[in-house]
Amino acid sequence: MRHPHAWWGGRGPNTERHAAEGHGAEGHGAEGLDDCRPDAQRGGATLLLLALGLVFVLVGTFGAAVAAAGMAAQRAAVAADLGALAGAARALDGDSVACASAADIAQRNAGRLVDCLLDGLDVLVTVEVAFTPLPGLTRVAASTARAGPVRG
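It should be emphasised that the depicted structure is a prediction, and the values quoted were computed from it without experimental measurement.

Asker: How would you sum up a nonpolar patch on the surface? Please name residues and give values.
Answerer: A grouping of Leu49, Leu52 and Phe56 is seen on the molecular surface, where their side chains present a nonpolar patch of about 350 Å² in accessible area. Along the chain, the position of Phe56 falls in helix 3 (residues 44-89). When its relative accessible area of 58% is taken as the criterion, Phe56 is described as exposed.

Asker: Residues and numbers for the environment of Ala100, please.
Answerer: One can find Ala100 in helix 4 (residues 95-108). By relative accessible area, Ala100 is classed as partly exposed at 46%. Separated by 13 residues in the primary sequence, Ala100 and Leu113 place their C-alpha atoms 9.3 Å from one another.

Asker: For the nonpolar core, give the residues involved together with the corresponding values.
Answerer: Counting residues in each nonpolar core, the largest one holds 13 residues, and the members touching the most others are Ala80, Ala84, Cys116, Val123, Val125, Val127 and Ala145. Elements that contribute at least two residues to this core include exactly helix 3, helix 4, strand 2 (122-134) and strand 3 (137-147). Setting aside its immediate chain neighbours within four residues, Val125 contacts Ala80, Gly83, Ala84, Ala102, Leu113, Asp115, Cys116, Ser143, Thr144 and Ala145.

Asker: Describe the state of the cysteines, naming the residues involved and giving the relevant values.
Answerer: Here the structure, examined in full by the defined rule, presents one disulfide. One disulfide bridge connects Cys99 with Cys116, the sulfur atoms lying 2.0 Å from each other. In this structure the cystine formed by Cys99 and Cys116 twists about its S-S bond by roughly -85°; its chirality is therefore left-handed. With Cys99 in helix 4 and Cys116 in strand 1 (residues 112-119), this pair connects stretches of sequence that are 17 residues apart. Overall, Cys99 belongs to the buried group, its relative accessible area being 15%. Residue classification places Cys116 among the buried positions, given a relative accessible area of 18%.

Criteria and thresholds
- Residues numbered from 1 in each chain as written.
- Predicted model: local features only at pLDDT ≥ 70, side-chain atom pairs only at ≥ 80, totals over all residues.
- Heavy atoms only, no water.
- Patch = residues over 30% accessible without salt bridge, like charges linked within 9 Å, V, L, I, M, F, W, Y side chains within 5 Å.
- Areas by Shrake-Rupley, 256 points an atom, 1.4 Å probe, with all protein chains shown as cover.
- Salt bridge = Lys/Arg side-chain N within 4 Å of Asp/Glu carboxyl O.
- Helix = DSSP H or I, 4+ residues; strand = E, 2+ residues; numbered from the N terminus.
- Buried < 20%, exposed > 50% of the residue type's maximum accessible area, 1.4 Å probe, protein only.
- Core = buried A, V, L, I, M, F, W, Y, C linked by side-chain atoms within 4.5 Å.
- Contact = heavy atoms within 4.5 Å.
- Disulfide = S-S within 2.5 Å.

Structural data, given as structure tokens:
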């Protein structure tokens, strides 16, 4: 039975051709080595596919980090807006009560009240939200909001 792969040591077209050219069935000349070995490029597509997969993973990780930063900025803005509204609702009770109310609402929205200023009946608050875009990397998104009575 003839086997198509001469490099397996079986009789095949390449071994018969080498024998006819005077190289013998067992030994190969320098030009016959390339015909008897498997393709040298074999496995290149696997490496290319792995590299492409790594690029997709890195781009996905970067995209997730950017999305986490955007979500944290949005959460900080919402916490600041709601905190300012809560503080303005209690502005007549004084500075400490208005800022305590703003801090409570900011904390309930995953934020931390950094600054609170009562200016007449207006409340100005700054809230920070910590987030982790990548493992081991923690960042902070901050937002400031003002709330008070409608003026006219």
